[in-house]
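# Results of the structural survey
Take a look at the letters that make up each chain.
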Amino acid sequence: MTHKFIDAGEGLPQWSNPISHAVVVGNLCFVSGQLSVNEAGDYVKGSVTEEAQRAFNNVFAALKAAGFEKRHIAYIDIAFADLNDLNEVNALYMSLFPEGKRPARTVYEAARLPFDGKVKVVATAAKE
């Protein structure tokens, strides 16, 4: 099966890391962990909600570059620097994904995130 590697796209950060933003295999898209990084590749500190919004925006941009849409997301993985921030990110999450159409999800606290960030978002999407 052919793999399509997404290394750049509109709205995506320019990575200095040796990874792809996303990889498409068949009807699946695996989005690498996204952080609060702007298009220039700079980490942007802010509140946990601001950092999560930027991370989600990067997830959505990676999906778009891969030919997928937000509605195709089947699974979300969210790592927190502090799990006490869950309620704030839940409010954002509920605004991004309407009730009855929310992806399966895992949340956990990580010992440390890259750039000492507050949140990292990973996604898997599937088309029919």
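Structure's up top.
The structure reproduced in this document is the subject of the present report.

Rules of the game
- Residues numbered from 1 in each chain as written.
- Predicted model: local features only at pLDDT ≥ 70, side-chain atom pairs only at ≥ 80, totals over all residues.
- Heavy atoms only, no water.
- Salt bridge = Lys/Arg side-chain N within 4 Å of Asp/Glu carboxyl O.
- Helix = DSSP H or I, 4+ residues; strand = E, 2+ residues; numbered from the N terminus.
- Buried < 20%, exposed > 50% of the residue type's maximum accessible area, 1.4 Å probe, protein only.
- Pairing = 2+ DSSP bridges.
- Axes fitted to C-alpha atoms, helices over the stretch in contact; angles between N-to-C directions.

## Remarks on the pattern of salt bridges
- Applying the stated criterion across every chain, the model contains three salt bridges.
- One salt bridge connects Glu-51 with Lys-118, and the closest N-O pair in it is separated by 3.8 Å. Of this pair, Glu-51 sits in helix α1 (residues 48-65) while Lys-118 sits in the loop between β5 (104-109) and β6 (119-126); the two residues are 67 residues apart in sequence, bridging distant segments of the chain.
- By relative accessible area, Glu-51 is classed as buried at 1%.
- Given the relative accessible area of 31%, Lys-118 is considered partly exposed.
- The residue Asp-116 makes a salt bridge to Arg-112 at a minimum N-O spacing of 2.6 Å.
- Overall, Asp-116 belongs to the partly exposed group, its relative accessible area being 45%.
- Given a relative accessible area of 64%, Arg-112 falls into the exposed group.

## A short note on unusual backbone geometry
- Here Phe-115, not a glycine, exhibits a phi torsion of approximately 60 degrees, which is positive.
- Its place among the elements puts Phe-115 in the loop between β5 and β6.
- Within the chain, Asp-116 stands out as a residue other than glycine whose phi angle is a positive 55 degrees.
- On the secondary structure map, Asp-116 appears in the loop between β5 and β6.

## Some thoughts on the sheet that holds strand β3 (residues 28-34)
- What the six strands build is an open sheet, ordered β1-β2-β3-β6-β4-β5; its pairing is mixed. Two strands lie at the open edges of the sheet, namely β1 (3-6) and β5, each paired on one side alone. Ignoring which end each strand starts from, the neighbouring axes of this sheet average 10 degrees apart.
- Pairing of strand β2 (residues 22-25) with β3 involves four bridges; the strand directions are antiparallel. When the sheet's bridge partners are listed, Val-23 is paired in β3 with Phe-30.

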